[in-house]
Amino acid sequence: MTKQTKRIKAWTGNRESALPFADAIKMVKDNAKAKFDESIEIAVNLGVDPRHADQQVRGVVNLPSGTGRDVRVAVFAKDAKADEARAAGAEHVGAEDLYEKINGGFMEFDRVIASPDMMALVGRLGKVLGPRGLMPNPKVGTVTPNVAQAVKDAKGGAVEFRVEKAGIVHAGIGKASFAQDALEANVKAMVDALVRARPSGAKGTYVKQISLSSTMGPGVKVDPASLGA
């Protein structure tokens, strides 16, 4: 508890007011003082009610500066497409054999991609992959005939986003070690993607609140107007 108190007391900056996004990023970086490279996350409170079908927000964005994470990819594919996935860097590739592994409890991956002809098989894993947000979906590019490109995107900075029950989207947008301009580019790309994904049923203010934080640091409020939102 003493260590936590010292860490909290060491936090600097104004955490009460909403800051221009560049200032907020700098403050988050300044307060990321852990002995490891902390992840930087964004939380966006949207003016939607996800209980209604016409107010769902879901998509994928390619972060220009990458995520800083080593994304492990599992691909359901056969024959030539399986070879393409392996060549693109997928860690786990298969069909019935991969199904049996996952159904038996294997979960050492962060993204699941499938060729369309594999979805009848993958669909049987819905109760395993669905609750973890790993079920392939054509809307976010994880069900595709071009599995090689999907693997490259996943490893190069593609981030899926989906609004939660409370109307909030959480996503990782980099590491504390990233340069200021790299994080700025990623934050802008994420918010732009959310604005483009605005559903037809959303009324009134769409982007209500934005905050940034590092793994061990405080949340910092961001002025949505500074991002054109």
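Up top is the structure these notes are about.
1. Considerations on the overall build of the protein chain
- Check the secondary structure of the protein chain and you find eight helices and nine strands.
- Since a compact globule built from 229 residues should have a radius of gyration of about 17 Å, the 19 Å found for the protein chain is in line with a globular shape.
- The principal-axis extents of the C-alpha atoms in the protein chain amount to approximately 55 × 45 × 30 Å.
- Taking all 229 residues of the protein chain together, 45% fall into the buried category.
- Pairs at least 24 apart in sequence give 72% of the contacts found in the protein chain among residues at least 6 apart.
- Mean positive and mean negative side-chain charge positions of the protein chain (33 and 26 charges, respectively) differ by 6 Å.

2. As for the sheet that holds strand 4 (residues 92-94)
- Across the sheet, which stays open at both edges, the three strands sit in the order 4-3-5 with parallel pairing between neighbours. Two strands in the sheet have a free side with no partner beyond their single neighbour: strand 4 and strand 5 (111-114). Recorded for the sheet is a direction-independent mean angle of 15 degrees between the axes of neighbouring strands.
- Across four bridges, strand 3 (residues 73-76) lies against strand 5 in parallel orientation. For Phe76, the partnering residue across the bridge sits in strand 5 and is Ala114.

3. Let's talk about the packing of aromatic side chains
- Summed over the entire model, instances satisfying the criterion amount to one aromatic pair.
- For the cation-ring pair, Lys101 lies above Phe106, with the distance from its terminal atom to the ring centre recorded as 4.2 Å.
- Seen from the ring of Tyr99, Arg124 lies directly overhead, with NZ or CZ sitting 4.5 Å from the centre.

4. Comments concerning the packing of helix 3 (residues 79-88) against helix 7 (residues 147-156)
- Between helix 3 and helix 7, the shortest axis-to-axis distance is 8 Å and the interhelical angle comes to 25 degrees. Taken together, the axes of helix 3 and helix 7 lie roughly parallel to each other. Where helix 3 crosses over helix 7, the handedness of that crossing is right-handed. Of helix 7, the residues touching helix 3 (which contributes Lys81, Glu84, Ala85 and Ala88) are Val147, Ala148, Val151, Lys152 and Lys155.
- For the contact of helix 3 with helix 7, the class distribution of residues is five nonpolar, no polar and four charged.

5. Examining helix 8 (residues 180-196)
- Along its 17 residues, helix 8 runs 24 Å from first to last C-alpha, staying within 8% of the 24 Å computed at 1.5 Å per residue.
- Residues of helix 8 that are buried: Ala182, Leu183, Asn186, Val187, Ala189, Met190, Val191, Ala193 and Leu194.
- Tucked inside the fold, the buried residues of helix 8 contact helix 2 (21-30), strand 1 (39-46), strand 2 (58-62), strand 6 (158-162), strand 7 (168-175) and strand 8 (207-214).

6. So, the side chain of Arg111
- Within the secondary structure, Arg111 is located in strand 5.
- A residue is classified by how much of its surface remains accessible, and Arg111, at 12% relative accessible area, is buried.
- Ignoring anything within four residues of it in the chain, the contact list for Arg111 reads Val71, Arg72, Val73, Ala74, Leu134, Thr142, Ala154, Ala158, Val159 and Glu160.

7. Structural notes on the pattern of salt bridges
- Within this structure, the stated rule accounts for nine salt bridges.
- Salt-bridge contacts for Glu96 lead to Lys78; the nearest nitrogen and oxygen are separated by 3.7 Å. One end of the pair, Glu96, is in helix 4 (residues 96-103); the other, Lys78, is in the loop between strand 3 and helix 3, and 18 residues separate them in sequence.
- Looking at Lys78, the relative accessible area reads 37%, which means it is partly exposed.
- Ionic contacts of the salt-bridge type, sharing partners, join the residues Arg69, Arg72 and Asp110 into one network.

Each value, and the rule that gives it
Residues numbered from 1 in each chain as written. Predicted model: local features only at pLDDT ≥ 70, side-chain atom pairs only at ≥ 80, totals over all residues. Heavy atoms only, no water. Helix = DSSP H or I, 4+ residues; strand = E, 2+ residues; numbered from the N terminus. Rg over C-alpha atoms; globule rule 2.2 N^0.38 Å. Buried < 20%, exposed > 50% of the residue type's maximum accessible area, 1.4 Å probe, protein only. Contact = heavy atoms within 4.5 Å. Lys, Arg positive; Asp, Glu negative; His and termini not counted. Charge placed at Lys NZ, Arg CZ, Asp CG, Glu CD. Pairing = 2+ DSSP bridges. Axes fitted to C-alpha atoms, helices over the stretch in contact; angles between N-to-C directions. Phe/Tyr/Trp six-rings, centres within 6.5 Å; stacked < 30°, edge-to-face > 60°. Lys NZ or Arg CZ within 6 Å of the ring centre and 35° of its normal. Parallel < 35°, antiparallel > 145°, perpendicular 65-115°, else oblique. Left-handed = near helix turned anticlockwise from the far one by under 90°. Nonpolar A, V, L, I, M, F, W, Y, C, P; charged D, E, K, R; others polar. Expected span 1.5 Å × (residues − 1). Salt bridge = Lys/Arg side-chain N within 4 Å of Asp/Glu carboxyl O.

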